[in-house]
Amino acid sequence: MKERILIVEDEAAIAMTIRDRLESEGYDPSIAADGDTGFRRASTEPWALIVLDVMLPGRDGLTVCRDLRGREIDTPVLMLTAKDQTLDKVLGLKIGADDYLTKPFDMAELLARVEALLRRSRRTSNGAQTDTIGPFVLDVDRQELQGDGRAIPLSTQEFKLLRYLCEHRGAVVDRDELLAAVWGYDGSTYTRTVDVHISWLRQKLGDSRAQRLIATVRGRGYRLMP
Ligand code: CA
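Residues numbered from 1 in each chain as written. Predicted model: local features only at pLDDT ≥ 70, side-chain atom pairs only at ≥ 80, totals over all residues. Heavy atoms only, no water.

A. Layout of the nonpolar core. The biggest cluster of nonpolar side chains holds 26 residues, and the ones touching the most others in it are I133 and L145. Those elements giving two or more residues to this core turn out to be β7 (136-139), α6 (156-167), α7 (175-183), α8 (191-205) and β12 (221-224). The dominant element in this core, judged by the number of residues it contributes, is α6, at six residues. If we skip the residues at most four places from it in the chain, L145 touches I133, F136, V137, L138, R150, A151, I152, L154, L162 and L205. One finds W47, I73, M79 and Y100 within the second-largest nonpolar core, a separate group that totals 20 residues. (Core = buried A, V, L, I, M, F, W, Y, C linked by side-chain atoms within 4.5 Å. Buried < 20%, exposed > 50% of the residue type's maximum accessible area, 1.4 Å probe, protein only. Helix = DSSP H or I, 4+ residues; strand = E, 2+ residues; numbered from the N terminus. Contact = heavy atoms within 4.5 Å.)

B. Region of the structure containing the sheet that holds strand β11 (residues 214-217). Across the sheet, three strands lie side by side as β10-β12-β11; this open sheet has antiparallel pairing. Only two strands of the sheet have a single partner each, and these edge strands are β10 (173-174) and β11. Strand direction decides the pairing type here: β10 and β12, joined by two bridges, are antiparallel. Residue pairing for β12: D174 is matched across the bridge by G221. The sheet strands contacting α8 are β11 and β12, and the helix crosses β11 at an angle near 150°. (Pairing = 2+ DSSP bridges. Axes fitted to C-alpha atoms, helices over the stretch in contact; angles between N-to-C directions.)

C. Representation of the pairing of strand β4 (residues 77-81) in the model. When you tally the buried positions in β4, you get five out of five residues, the bulk of the element. Neither face of β4 is exposed, since V77, M79 and T81 on one face and L78 and L80 on the opposite face are all buried. Looking at chain direction, strand β3 (residues 49-53) and β4 are connected through four bridges and run parallel. Paired with V51 across the two strands is L78, which belongs to β4. Handedness of the β3-helix α3 (residues 61-70)-β4 crossover: right-handed. Examined bridge by bridge, β4 and strand β5 (residues 99-102) share four bridges and lie parallel to one another. Among the inter-strand pairings, T81 is bridged to a residue of β5, identified as T102. (Right-handed = clockwise from strand over helix to strand, strands pointing away.)

D. Broad picture of the sheet that holds β5. Taken together, the five strands give an open sheet; going across it, the order is β2-β1-β3-β4-β5, and neighbouring strands pair in parallel fashion. With one partner strand each, in any of the chains shown, β2 (28-32) and β5 form the two edges of the open sheet. The sheet shows a mean angle of 20° between the axes of neighbouring strands, taken without regard to direction.

E. Region of interest: α8. With 15 residues, α8 extends 21 Å from end C-alpha to end C-alpha; this agrees with the ideal 21 Å at 1.5 Å per step. The set of residues buried in α8 consists of V194, D195, H197, I198, L201, R202 and L205. One or two positions beyond α8, positive phi appears at G206, with a value near 65°. (Expected span 1.5 Å × (residues − 1).)

F. Representation of the pairing of strand β8 (residues 144-147) within the structure. Looking at chain direction, β7 and β8 are connected through three bridges and run antiparallel. Looking across to β8, one finds that L138 is bridged to L145. The antiparallel hairpin formed by β7 and β8 contains four residues in its connecting segment, where Q143 sits at a positive phi of about 55°. In the sheet, β8 pairs with strand β9 (residues 150-153) via four bridges, with the strands oriented antiparallel. When the sheet's bridge partners are listed, G147 is paired in β9 with R150.

See the structure below:
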């Protein structure tokens, strides 16, 4: 059965572009053009995923997300935020959005994130607690990497960082996003911290130019290879 995706977005051109692309990828998308309609449909119909814009007439996207979580509706939410609205991103993650994408974005990026979120929610419903990274398996219960017949312990930050990359496998995640997700964005850490932890992770993974597991995307961030 096709997975149903709700697109809550008032800008018709953007909403239709997303809908057409999702449709051509084999999903069953549907559009709600304001926050109240979005909330009503999100809370009364079954969806595999909700793409939710922040700026909406009626209830805004952040409120829609908070209200859904308040009703214990845990459908994955991909939030669309305006450029440089860091507050929206952090707030969005805090009130229960699963991921966000900054406008303008390209459709390939949106698809990568939709795929990653759906994979994650299918996996959660299967109860599996491992991820593979190249020749390694990330053991979520033990917070360690296993591979080559050995176990490599990870610090809490390394573990959270790698987990986040796994959950967004194939998508480019920027440093601010990693800071917010791993360190909580309290203002006392710097994007350089992310780079340092990525380099430690690469060492542990034996990641090299010849065999890239975590790619650097110049000027943007990092991407865990699919
Ligand atoms: Ca909008």
